[in-house]
Structure formats: structure tokens, C-alpha cells
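Structural characterization, general
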Amino acid sequence: LVWFTNTGTFDPTRPPRLYDGAIFTLQEMPDGKFMCNGGGGNVQGTPVSTIFRVDPDGIFDTTFNAPLVDYGNIYRFYAQADGKVICGGHISFVGEPDTIALFRLLPDGSLDPTFNNQLSVWTSYRPWDRAGPVLDIQPIGPDKLVITGYFDQLDGIARGGIAMLDTAGHLLPGYFESAGCGGYWDQYNPTVPPDPTQYYKNIG
């Protein structure tokens, strides 16, 4: 972690912080802390999950301990006013059999059991695991969330890369039930001769 001034020069008032691995996602929280997702498992000499939190000065926050991760990335953090954080991505926790794409963490980093952490995010163009990542989370008023990503089904119900959820992570009917985000070129699963059912999917 390295800080720069508003003119793009190195900020000597904030020392760099070492992390054993790349940081793929970095997002500031309302309290000035930063949620991070990375490719290593060590922050300033402390073994941690690939999802971790640092204080405004970059020091590792020992009060936040997310579950350990086997593989995957988080692409979006959405902080709630109560200190909980909804995470969107494509990730597998140690000891969990399924890959998940949307979940909520409590202020201490543990999984929130009141959230639908097992929402089935299905992508028919990914034959190797079928799980599609959630790429963005946007609040719609006080009681709804819009998610977008590489998916064409949620809990077995067709959704073209965009869907409306309640704040507990459950799919809401009546929204985005048509073609959604439109066609998507499936470069991951080419067929010869071209098969439209494999090449074009209603995902974002």
C-alpha cells in the first residue's frame, strides 16, 4: 500500500505498508478504513484471509478476521451503515463445498448468518464450474440492491446479468425479467460449427 498526494507525488507522511501478494480490490469504507482483497495471505507479518481490512494509515486491522479463502477474488465491497459489508465476486472459503458469488460479513469479518450467503449464481457459459461472479452492487433506496455480473440464472431463475435483491440477499420478482443486459460473446467456450446456444447468453 502506497499513498500519493493529490498531485500524484509520493506522500512521505504515510509510510508504505507491506503485503505478501497483490491487492486486487481496494475500497474505502465510510469510517476511512479500507477493505482489501488480495492474492497473498500475509499482512505485515500476520497471516490473514485474502479479504482483510486496514486502518486509514494502512496498518492491518486485527479486529476484522474474515474466513480463510481457497481461491477466488472479490470485485466489489458495499459497506452498510451498520458496519456490515456485502461482498461480490467469485470465491471459495476453506471448508466450504461451494463457490459463492455474494455474501455479507459482520463488522468482525465473520459471515453474517442472517444474509443469503448461498445465493446460486449460475453461468451456463462456464462449463468448468458454472459459478459466475458478481461484479457490482448498487443500493436502490433503503431496501433493495441491484447486482450485475456474469450470470444468467439466480437460484434457477433466468436473469440476464442484472438482478434486484432485497437487503438480505434474496432475489426479488418483477425486476429485470426480460433480456437484461443483452447478448454476451462467449470466448471461453467456442464451438465449431458455431452454436448460438453456446455463444450468446443473456449476461452482463
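Going along each chain's sequence as written, the residues are numbered from 1 onward. Selection of residues for local features in this predicted model requires a pLDDT of at least 70, selection of side-chain atom pairs for listing and counting requires 80 or more, and totals for whole chains, interfaces and linings are taken over all residues. Hydrogens and water molecules were not included; the side-chain quantities draw on all heavy atoms of the structure.

Another aspect to go through is the overall build of the chain. Helix numbering and strand numbering both begin at the N terminus, where a helix is a DSSP run of H or I of at least 4 residues and a strand a DSSP run of E of at least 2. The number of helices and strands found in the chain is one helix and 16 strands. For every residue, the accessible area (1.4 Å probe, protein chains only) is compared with the maximum for its type, and the residue is labelled buried under 20%, exposed over 50%, or partly exposed between those bounds. The burial tally for the chain puts 44% of its 204 residues in the buried class. Any two residues whose heavy atoms approach within 4.5 Å are treated as being in contact. Considering only intrachain contacts with a sequence separation of at least 6, the fraction spanning at least 24 residues in the chain is 37%. The protein chains shown are the only cover counted for residues, whose accessible areas, like all others here, come from Shrake-Rupley with a 1.4 Å probe. As displayed, the chain offers around 10,100 Å² of accessible surface, 57% of which is attributable to carbon and sulfur atoms.

Okay, the packing of aromatic side chains next. Within 6.5 Å between ring centres, the rings of Phe, Tyr and Trp (the latter by its six-membered ring) count as paired, and their orientation is classed by plane angle as stacked under 30 degrees, edge-to-face over 60, tilted in between. Applying the stated criterion across every chain yields a total of two aromatic pairs. Their ring planes at 55° and their centres at 6.5 Å tell us that Phe52 and Phe60 sit as a pair that is tilted. The pair formed by Phe52 and Phe60 is uniform in burial state, with each residue classed as buried. Centroid distance Phe93 to Phe103: 5.1 Å. Interplanar angle 75°. Geometry classified as edge-to-face.

This part is about the sheet that holds strand β9 (residues 121–122). Adjacent strands of a sheet form backbone hydrogen bonds with each other and so pair up, either parallel or antiparallel. Pairing between two strands is assigned when DSSP locates at least 2 bridges connecting them. The antiparallel open sheet is built from three strands, whose spatial order is β9-β12-β13. Of all strands in the sheet, those with a lone pairing partner are β9 and β13 (157–158), marking the two edges. Relative to strand β12 (residues 153–154), β9 is paired through two bridges, and the arrangement is antiparallel. Across the sheet, residue Val121 finds its bridge partner in β12, namely Leu154.

Here, a salt bridge means any side-chain nitrogen of Lys or Arg that lies within 4 Å of a carboxyl oxygen of Asp or Glu. A full pass over the atoms with the stated rule returns eight salt bridges. Residues Asp55 and Lys33 are paired through a salt bridge, measuring 3.8 Å at the closest nitrogen-oxygen approach. Residue Asp55 is located in the loop between β5 (51–54) and β6 (69–79), and its partner Lys33 is located in the loop between β1 (23–28) and β2 (34–38); the two are separated by 22 residues in the primary sequence. Taking the relative accessible area as the measure of exposure, Asp55 reaches 22% and is therefore partly exposed. The partner of Asp136 in a salt bridge is Arg76, and the shortest N-O contact between them spans 3.1 Å.

A few words on the confidence of the model for the chain. Residues at a pLDDT of 70 or more form 84% of the chain, whose mean pLDDT is 83. Low confidence marks residues 188–204, where pLDDT is under 50. Its contacts with residues over four positions away, or in another chain, come to 46 contacts. One confidence number per residue, pLDDT, is output by the predictor and ranges from 0 to 100.

Here the focus is the sheet that holds β2. Pairing is antiparallel in the open sheet, where three strands are placed in the order β1-β2-β5. Of all strands in the sheet, those bounded by a partner on one side alone are β1 and β5. With direction set aside, neighbouring strand axes in the sheet form an average angle of 25°. Here β2 runs beside β5; their pairing, made up of four bridges, is antiparallel. By the bridge assignment, Phe34 is partnered in β5 with Val54. Angles run from 0 to 180 degrees between N-to-C directions of axes, and those axes are lines fitted to C-alpha atoms, restricted for helices to the stretch in contact.

Counting residues in hydrophobic clusters, the biggest one holds 16 residues, and the most contacted among them are Ile51, Phe77, Ile91 and Phe103. Listed by contribution, the elements that provide at least two residues to this core are β6, β7 (85–93) and β8 (100–105). Not counting residues within four places of it along the chain, the set of residues in contact with Phe77 comprises Thr25, Gln27, Met29, Met35, Cys36, Asn37, Ile51, Val85, Ile86 and Cys87. We call a set of buried Ala, Val, Leu, Ile, Met, Phe, Trp, Tyr and Cys residues a nonpolar core when their side-chain atoms join them within 4.5 Å. Of all hydrophobic cores here, the second largest spans 15 residues; its members include Ile86, Leu119, Val121 and Ala163.

This next bit is on unusual backbone geometry. Although it is not a glycine, Asp155 sits at a positive phi angle of roughly 50°. Considering the arrangement of structural elements, one finds Asp155 in the loop between β12 and β13. Taking the relative accessible area as the measure of exposure, Asp155 reaches 40% and is therefore partly exposed. Here Phe176, not a glycine, exhibits a phi torsion of approximately 50°, which is positive. Mapped onto the secondary structure, Phe176 falls in the loop between β14 (162–166) and β15 (183–185). Given a relative accessible area of 31%, Phe176 falls into the partly exposed group.

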